[in-house]
Amino acid sequence: MFSDFDFNVIWRALPYMLQEGLVFTLTLTALATAGGIVLGTLLALMRLSSLPFLPQIAAGYVNTMRSLPLVLVIFWFYFLVPYIGQWVLQSDRPIAVGAFASSLITFTLFEAAYFSEIMRAGIQSISRGQLMAGYALGLNYRQVMGSVILPQAFRNMAPVLLTQTIVLFQDTSLVYVLSIPDFLGAASKVAQRDGRLVEMYLFAAAGYFLISFTASTLVKRLQRRIAIIR
Amino acid sequence: MNYTWNWGIFLEPSPEGVGTYFDMLLVGLKWTIATGACAWVWALVCGSLIGVIRTLPNRWTVGFGNAYVELFRNIPLLVQLFLWYFVLPELVPASIGLWLKQLPNASFFTAVVGIGFFMSARVAEQVRAGIIALPRGQSMAGLALGLTTAQTYRYVLLPMAFRIILPPLTSEFLNTIKNTSVALTIGLIELTARARAIQEFSFQVFEAFTAATLIYLMLNLLITAAMRWLERWVKIPGYGQGK
């Protein structure tokens, strides 16, 4: 069963797995989270705004993204981004977009839909009295949102935002379908080159588990601490 | 954009010999629904079981349930599918491994089991939350009436808990359907894989993906409508359910 389990395969692949694979995965996770939260907050503000059309546009975007499988969205953007780039830059042929840029755009736009639902709940968790108090003090919309509502919304939603980041971290493994060497892609490359699927896939699973489990334990602790303060 | 649109592509015969490109998509949809439905049944059965044992007054079952949920929640679905598909046949005795590898539709069964277990951890969380949400008096009343623990769950707690968690279960069902697309990595030719195949055969990439997108959206709307109807149908008159 495990009689020919070869730890040397993992040991030899370790530098490549960590330096190439894990760095790609973590960078993509961090940048897509940052972009996703910014864009998601904007979508949430659009959705809660009283201007015409903005709520409908935001709702349409969020609901569409949330009903589609991530794999399909990855394929969509992989083929679409070169054409969008051509249109933006006014060049005469579709521009070449690197694997990293393509997946970063995909994950930012996709996860923004999920982050926007979290931020919408966060903004709505702040009582309307605070909004009115802000206006009564003479603050404008930007000031009320920027200095009163959003800081509290972020604070209330911090555990949920971080949990979504863990989901995003796990979702990045799907860039495998574009043959990108992220953490799983690197493991898969070595596995197929050396014919050691058992070792490499178990190692990849252990790596993902360790990071996600540690992170979610920390999030739970944070949740308890925030709960005590409030 | 110098992209040549050709929406007529769906009526052209597919390179597979039978049917049109549109029929290709429909066959993919059939596999998506079959895999999603089977995986959902699996997830519901395992998830309910694990969710229940996590609420029992027994340290060992709670510990086992917690470990189960953490295990299946903290490994990406894609990696879990690879473990079931590539690793499991190597770890079991050789004869069983060979049988697993030669199974017809192996990727379908693997997808059902893999997605089923993955989603069961999420279902277990919901079931547990639903049972905990009930007032403590309900289980006490059940026991005081002389019901056994099993009867208390069967006749008192679970009927209410499932009604409470029906809306979140709807979105988990939708997630199950969406997650079937991950199984294209182990060779399941479902809807997304079909759209991809059309792109490879005909180069009409955006038509193929638009069609797949619309089909997924329609599937979503249908399931949401059906679940809303189910919610109304099982609703107990007079029991508020938060409204």
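Bear in mind the structure is a predicted one, so any value in this text is a computation, not a measurement.

What counts and how
Residues numbered from 1 in each chain as written. Chains lettered and ligands numbered in written order. Predicted model: local features only at pLDDT ≥ 70, side-chain atom pairs only at ≥ 80, totals over all residues. Helix = DSSP H or I, 4+ residues; strand = E, 2+ residues; numbered from the N terminus. Contact = placed C-beta atoms within 7 Å. Buried ≥ 20, exposed ≤ 12 C-beta atoms within 10 Å, placed from the backbone. Axes fitted to C-alpha atoms, helices over the stretch in contact; angles between N-to-C directions. Parallel < 35°, antiparallel > 145°, perpendicular 65-115°, else oblique. Left-handed = near helix turned anticlockwise from the far one by under 90°. Nonpolar A, V, L, I, M, F, W, Y, C, P; charged D, E, K, R; others polar. Core = buried A, V, L, I, M, F, W, Y, C linked by C-beta atoms within 7 Å. pLDDT = per-residue confidence, 0-100. Expected span 1.5 Å × (residues − 1). Bend = angle between axes of the 7 residues up to and from the residue.

1. A few points about the overall build of chain A
Secondary structure summary: chain A contains eight helices and zero strands in total. Each helix and strand of chain A, ordered N terminal to C terminal, gives the series α-α-α-α-α-α-α-α. For chain A, the spread of C-alpha atoms along the three principal axes comes to 70 × 55 × 25 Å. The long-range share in chain A, meaning contacts at least 24 apart out of those at least 6 apart in sequence, stands at 73%.

2. Overview of the overall build of chain B
Along the backbone of chain B there are 10 helices and zero strands. Overall size of chain B, expressed as C-alpha extent along the three principal axes, is 70 × 50 × 30 Å. Residue burial in chain B is summarised as follows: out of 243 residues, 38% are buried. Contacts in chain B between residues far apart in sequence, at least 24 positions, make up 73% of those at least 6 positions apart.

3. Some remarks on the environment of Leu221 of chain B
Following the sequence through the fold, Leu221 of chain B ends up in helix H10 (residues 205-234). Given 11 C-beta atoms within a 10 Å radius, Leu221 of chain B is considered exposed.

4. Looking at the packing of helix H5 (residues 106-133) of chain B against helix H8 (residues 166-179) of chain B
Residues and elements named next belong to chain B. Here H5 crosses H8 at 165°, and the two axes come no closer than 11 Å. Relative to H8, the element H5 lies roughly antiparallel. For the element pair H5 and H8, the recorded crossing hand is right-handed. Where H5 approaches H8, its residues Ile115, Met119, Arg122, Val123 and Gln126 are matched on the opposing element by Pro168, Leu169, Glu172, Asn175, Thr176 and Asn179. For the contact of H5 with H8, the residue count by class is five nonpolar, four polar and two charged.

5. Quick look at the interface of chain A and chain B
Listed as interface residues are 30 residues of chain A and, on the opposing side, 28 residues of chain B. The set of elements that each furnish at least two residues to the side of chain A that touches chain B consists of helix H2 (54-67), helix H3 (70-89) and helix H8 (197-229) of chain A. At 11 residues, H8 of chain A tops the list of elements feeding residues into the side of chain A that touches chain B. Its residues placed into classes, the side of chain A that touches chain B shows 23 nonpolar, seven polar and no charged.

6. Observations regarding the nonpolar core
One finds Ala187, Tyr201 and Ala204 of chain A together with Val79 of chain B to be the most contacted residues of the largest nonpolar core, which totals 111 residues. A total of 12 residues in this core trace back to one element, the largest contributor, which is H5 of chain B. In contact with Ala187 of chain A, not counting residues within four places along its chain, are Met17, Gly21, Met200, Tyr201, Phe203 and Ala204 of chain A.

7. What to know about the environment of Asn6 of chain B
Residue and element names in this part refer to chain B. Note that Asn6 resides in the segment before helix H1 (21-53). Here Asn6 falls in the exposed class, since 12 other C-beta atoms lie within 10 Å of it. Sequence separation of Asn6 and Trp42 is 36 residues, and the distance between their C-alpha atoms is 41 Å.

8. Structural notes on the packing of H3 of chain A against helix H4 (residues 99-124) of chain A
All names here are of chain A. Closest axis-to-axis distance for the H3/H4 pair is 9 Å, and the angle between their directions is 130°. With respect to their mutual orientation, H3 and H4 come out oblique. Crossing of H3 over H4 shows right-handed handedness. Contacts between H3 and H4 pair Leu70, Val73, Ile74, Phe77, Tyr78 and Val81 from the former with Ser102, Ile105, Thr106 and Phe110 from the latter. A per-class count over the contact of H3 with H4 returns eight nonpolar, two polar and no charged.

9. Quick look at unusual backbone geometry
Residues and elements named next belong to chain A. In this model, Phe53 sits at a positive phi of 70°, which is unusual for a non-glycine residue. By the element assignment, Phe53 lies in the loop between helix H1 (7-48) and H2. With a phi close to 55°, Ser179 is a non-glycine residue in the positive phi region.

10. Quick look at the confidence of the model for chain B
Looking at chain B, the pLDDT average stands at 90 and 98% of residues meet or exceed 70. Reported confidences for the modelled complex are a pTM of 0.90 and an ipTM of 0.89.

11. A look at the environment of Gln86 of chain A
Residues and elements named next belong to chain A. Here Gln86 shows up in helix H3. Taking the number of C-beta atoms within 10 Å as the measure of exposure, Gln86 has 17 and is therefore partly exposed. Residues Gln86 and Ala96, 10 residues apart in the sequence, show an inter-C-alpha distance of 9.1 Å.

12. A word on helix H6 (residues 141-171) of chain A
Structural remark: α-helix, 3.6 residues per turn; residues separated by three or four positions point the same way. Residues and elements named next belong to chain A. Between its terminal C-alpha atoms H6 stretches only 35 Å, short of the 45 Å expected from 31 residues at 1.5 Å a residue. Of all the bends in H6, the greatest reaches close to 60° and is centred on Met157; the proline Pro159 follows between one and four positions later. Buried residues of H6: Ile149, Ala153, Met157, Leu161, Gln164, Thr165, Ile166, Leu168, Phe169, Gln170 and Asp171, and no others.

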